[in-house]
Amino acid sequence: QVQLVESGGGLVQAGGSLRLSCAASGRAFSSITMGWFRQAPGKEREFVAAITWRGDSPKYEDSVKGRFTISGDNAKNTVYLQMNTLKPEDTAVYYCAAGWPAPSAVTITRAYAYWGQGTQVTVSS
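Residues numbered from 1 in each chain as written. Predicted model: local features only at pLDDT ≥ 70, side-chain atom pairs only at ≥ 80, totals over all residues. Heavy atoms only, no water.

Comments concerning the nonpolar core
As a reminder of what qualifies: Note on terminology: a nonpolar core comprises buried Ala, Val, Leu, Ile, Met, Phe, Trp, Tyr and Cys residues joined through side-chain atoms within 4.5 Å. Note on exposure labels: buried denotes an accessible area under 20% of the residue type's maximum, exposed denotes more than 50%, and partly exposed covers the range between, all computed with a 1.4 Å probe on protein chains only. Only DSSP runs of H or I reaching four residues or more are called helices, and only runs of E reaching two or more are called strands; each is numbered from the N terminus. The contact definition used throughout considers only heavy atoms, calling two residues in contact when any of these lie within 4.5 Å.
Counting residues in each nonpolar core, the largest one holds 29 residues, and the members touching the most others are Leu4, Met34, Trp36, Leu81, Met83 and Tyr94. Secondary structure elements with two or more residues in this core: strand 3 (18-25), strand 4 (33-39), strand 5 (46-52), strand 7 (68-73), strand 8 (78-83), strand 9 (92-99) and strand 11 (119-124). With residues up to four places along the chain from it excluded, the contact list for Tyr94 reads Glu6, Leu20, Trp36, Phe37, Arg38, Val48, Phe68, Leu81, Met83, Gly118, Thr119 and Val121. Counting residues in each nonpolar core, the second largest holds six residues, with Phe37, Phe47, Ala50 and Val106 among its members.

Let's talk about the pattern of salt bridges
Under the convention used in this document: The rule for a salt bridge is simple: a side-chain nitrogen of Lys or Arg has to be within 4 Å of a carboxyl oxygen of Asp or Glu.
Taken as a whole, this structure holds four salt bridges when the rule is applied. Note that Lys65 and Asp62 form a salt bridge whose closest N and O atoms lie 3.1 Å from each other. With relative accessibility at 58%, the residue Asp62 sits in the exposed group. Close ionic contact of Asp90 with Arg67 constitutes a salt bridge, the shortest N to O distance being 2.8 Å. Residue Asp90 is located in the loop between strand 8 and strand 9, and its partner Arg67 is located in the loop between strand 6 (59-60) and strand 7; the two are separated by 23 residues in the primary sequence. For the pair Asp90 and Arg67, a shared accessibility class is recorded, and that class is buried. One network of salt bridges, in which partners are shared, links Arg38, Glu46, Arg67 and Asp90.

Quick look at the structure:
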């Protein structure tokens, strides 16, 4: 079992920044992939970014490339999502996920076995 706890969401003006954290516990993470997804009202949950604990090159959804950065701290078993130049369309509940997806499946929600409770990010215009 893996437990995930997100934090860091909030209300920010367009152009601002937030950093989300996801603390993981429960088992060894040497081979696990950590992902961030988001879900806006009335929309399906969508992929944002993913990274492996091995430090492989992170993957990003096109609309966040150059604005968001995913990183991990192995000593703290924590993964971060630094979000800069936020836009109103980034408003959503952001979820942390953990699992062992195939490299071609890191953007797929059902490829992840564990999920956090979500944290709300609201970007005002």
